[in-house]
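Reading the structure
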Amino acid sequence: QVQLVESGGGLVQAGDSLRLSCAASGRTFSSDAMAWFRQAPGKEREFVAGISRNFGSTYYADSVKGRFTISRDNAKNTVYLQMNSLKPEDTAVYYCAAARWATMPGTRGSEYNYWGQGTQVTVSS
């Protein structure tokens, strides 16, 4: 059974940092492009960051560029999202996603085959 399990969310103050982890099991995710999405209350799910299957090329939404860093450790089947200088508008449920056999990460949720259950990030002002 394929599973993505996120962890690391929590309640922090503006300006703080958090590191999210996504542990994958049930398949070798080194074959997949990976990404983080988020969904705030009353808003649509949006792309946050993605990382390619090979060479670790990374892509970011403009709203998080320069503050967030996505990385992956294929040996551990784990993807990370380091979030610095957090803002109240970063408050959302954050989801990890995998695009089966994709080399490059897309920005649309429909391009992803596997999803985690989400982890809540709340940033107070």
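Scroll up to find the structure.
These lines cover the structure that appears in this document, whether it is placed above or below. Remember, predicted model here, so these are calculated numbers, not experimental data. (Residues numbered from 1 in each chain as written. Predicted model: local features only at pLDDT ≥ 70, side-chain atom pairs only at ≥ 80, totals over all residues. Heavy atoms only, no water.)

Before going further, it helps to spend a moment on the overall build of the protein chain. When you go through the protein chain residue by residue, the secondary structure sums to 0 helices and 11 strands. Going from the N terminus to the C terminus, the protein chain shows its helices and strands as β-β-β-β-β-β-β-β-β-β-β. Expected size for 125 residues packed as a compact globule is a radius of gyration near 14 Å; at 13 Å, the protein chain falls within 12% of this value. Overall, the protein chain is about 40 × 25 × 25 Å in size when its C-alpha atoms are taken along their principal axes. For the protein chain, the proportion of its 125 residues judged to be buried stands at 46%. Once local pairs closer than 6 in sequence are excluded, the contacts in the protein chain between residues at least 24 apart make up 61%. (Helix = DSSP H or I, 4+ residues; strand = E, 2+ residues; numbered from the N terminus. Rg over C-alpha atoms; globule rule 2.2 N^0.38 Å. Buried < 20%, exposed > 50% of the residue type's maximum accessible area, 1.4 Å probe, protein only. Contact = heavy atoms within 4.5 Å.)

Attention shifts here to the sheet that holds strand β1 (residues 3-7). With respect to topology, 4 strands assemble into an open sheet ordered β1-β3-β8-β7, the strand pairing being antiparallel. Lying at the two open borders of the sheet, with one neighbouring strand each, are β1 and β7 (68-73). Between one strand axis and the next, the sheet turns through 15° on average, direction left out of account. (Pairing = 2+ DSSP bridges. Axes fitted to C-alpha atoms, helices over the stretch in contact; angles between N-to-C directions.)

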